[in-house]
Amino acid sequence: EYAFDINGIMYDPDTDAEVSHSVGHSLFEEFGIGNVTTAKLTLKIYADDIPRGATIKRYVRLVNGDTVSEWLPKGTFYTSRRAADEDLWSVDAYDALRKAEVEWVPDQNLSFPMTMPDAVAEFCRILGVELDERTELNSSYTIDYPANSYTIRNELGFIAAAHGGNWIVTDEGRLRLVPLLPTGTAHKVGLDLVGLNDNGTRPPISRVTLWVDDDACLTSGDNTGRELAADCPHATQAMVDALANSLTGFRYLAYNSKAVAIDPAAELGDSVIVGDLSSFVAAISDKGNGYPDISAPGEQE
């Protein structure tokens, strides 16, 4: 069962207010690092009023007869578009990373070069979120004063690339850097699903390249396998060497699976065994029926 807290008013199953909803979220559209992705909520619900910019907190719980679990948070969203047909509201809302689409003009009291952990702390302050405790940042990595009208999203992307990961906002509403190598909870789905497509295992990563600008890059590795490349104007050779050392040999298995009976607490970046495939959850499409579609995006090669 799902529930929604809209500006402090709770709409749970007892209110019979929700008509339908869906949430889409992913680590990337195409396999890689340096991505900053925003989750989207589409909701139809009966309500007296949904104010402009309303905050929507989504929850889920398990039900077995008269036994119910606690409500688990499943995302905080900020209303972007809303329309009403009498008291039936249609809402599009996004998580806090939608706020990162603005040019970053640092406060005058900040000094540069700035460490990446300090920069992320400043971005959290601006976005109004906390940093997830699982995020690991190298305090020796720094950024320069932003040039070229870089947005907060741009800078977060560069920091993600430097650390071999991608940024999301978690179900609890915290900013998290998810490493490319799966480190989260492992979920075994087996064959409790409707559809499963194996889209192939990519060649192992053998080279990592960070582009400093359109003409210059730093690289480490060889051409025996697949190159992993991203933009990072703050890159150093030591940074690229460290990425190559940790990511070389990693093979990405792309798949998509429909209507999966997976733990509702599953998060992006968690390991998963689906059928006889072992990969990780890189994208979730939840239609609000308790059986989301999950995938590691990529076409058959």
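Just so it is clear, the structure is predicted and the values come from calculations on it, not from any experiment.

Caption draft 1: Focus on the sheet that holds strand E17 (residues 217–221). Pairing is mixed in the open sheet, where 3 strands are placed in the order E17-E16-E18. Looking at the sheet topology across the chains shown, the edges are occupied by E17 and strand E18 (226–231). With direction set aside, neighbouring strand axes in the sheet form an average angle of 15°. Bridge count between strand E16 (residues 205–211) and E17: 5 bridges; the pairing is antiparallel.

Caption draft 2: Quick look at helix H2 (residues 152–162). Counting buried positions along H2 gives 10 out of 11 residues, so the element sits mostly inside the fold. Buried residues of H2: Ile 152, Arg 153, Glu 155, Leu 156, Gly 157, Phe 158, Ile 159, Ala 160, Ala 161 and Ala 162, and no others. Once H2 ends, the next one or two residues include Gly 164, with phi positive near 70°.

Caption draft 3: Representation of the side chain of Asp 171. Here Asp 171 lies in the loop between strand E12 (165–169) and strand E13 (175–179). Reaching out from Asp 171, the side chain makes a polar contact with the side chain of Lys 74 at a distance of 2.9 Å. Every residue in contact with Asp 171, bar those within four places of it in the chain, is listed here: Pro 73, Lys 74, Gly 75, Thr 76, Ala 266 and Glu 267.

Caption draft 4: Geometry of the packing of aromatic side chains. Inspection of the entire model under this criterion finds 9 aromatic pairs. Ring centres of Phe 31 and Tyr 252 lie 4.2 Å apart, and the angle between their planes is 20°; this geometry places the pair in the stacked category. Within this pair, whereas Phe 31 is found in the loop between strand E3 (18–26) and strand E4 (40–46), its partner Tyr 252 is found in the loop between helix H3 (237–247) and strand E19 (253–258), the two being separated by 221 residues in sequence. For the pair shown, Phe 31 and Tyr 252 are each scored as buried. Through pairs of rings, three or more aromatic residues link up here, namely Phe 28, Phe 31, Phe 250, Tyr 252 and Phe 280. It is Arg 98 that lies over the ring of Tyr 94; its NZ or CZ is 4.0 Å from the centre. Lying across the ring of Tyr 78, Lys 99 places its NZ or CZ 4.0 Å from the centre.

Conventions and cut-offs
Residues numbered from 1 in each chain as written. Predicted model: local features only at pLDDT ≥ 70, side-chain atom pairs only at ≥ 80, totals over all residues. Heavy atoms only, no water. Pairing = 2+ DSSP bridges. Helix = DSSP H or I, 4+ residues; strand = E, 2+ residues; numbered from the N terminus. Axes fitted to C-alpha atoms, helices over the stretch in contact; angles between N-to-C directions. Buried < 20%, exposed > 50% of the residue type's maximum accessible area, 1.4 Å probe, protein only. Polar contact = N/O pair within 3.5 Å; in protein donor to acceptor, adjacent residues only side chain to side chain. Contact = heavy atoms within 4.5 Å. Phe/Tyr/Trp six-rings, centres within 6.5 Å; stacked < 30°, edge-to-face > 60°. Lys NZ or Arg CZ within 6 Å of the ring centre and 35° of its normal.

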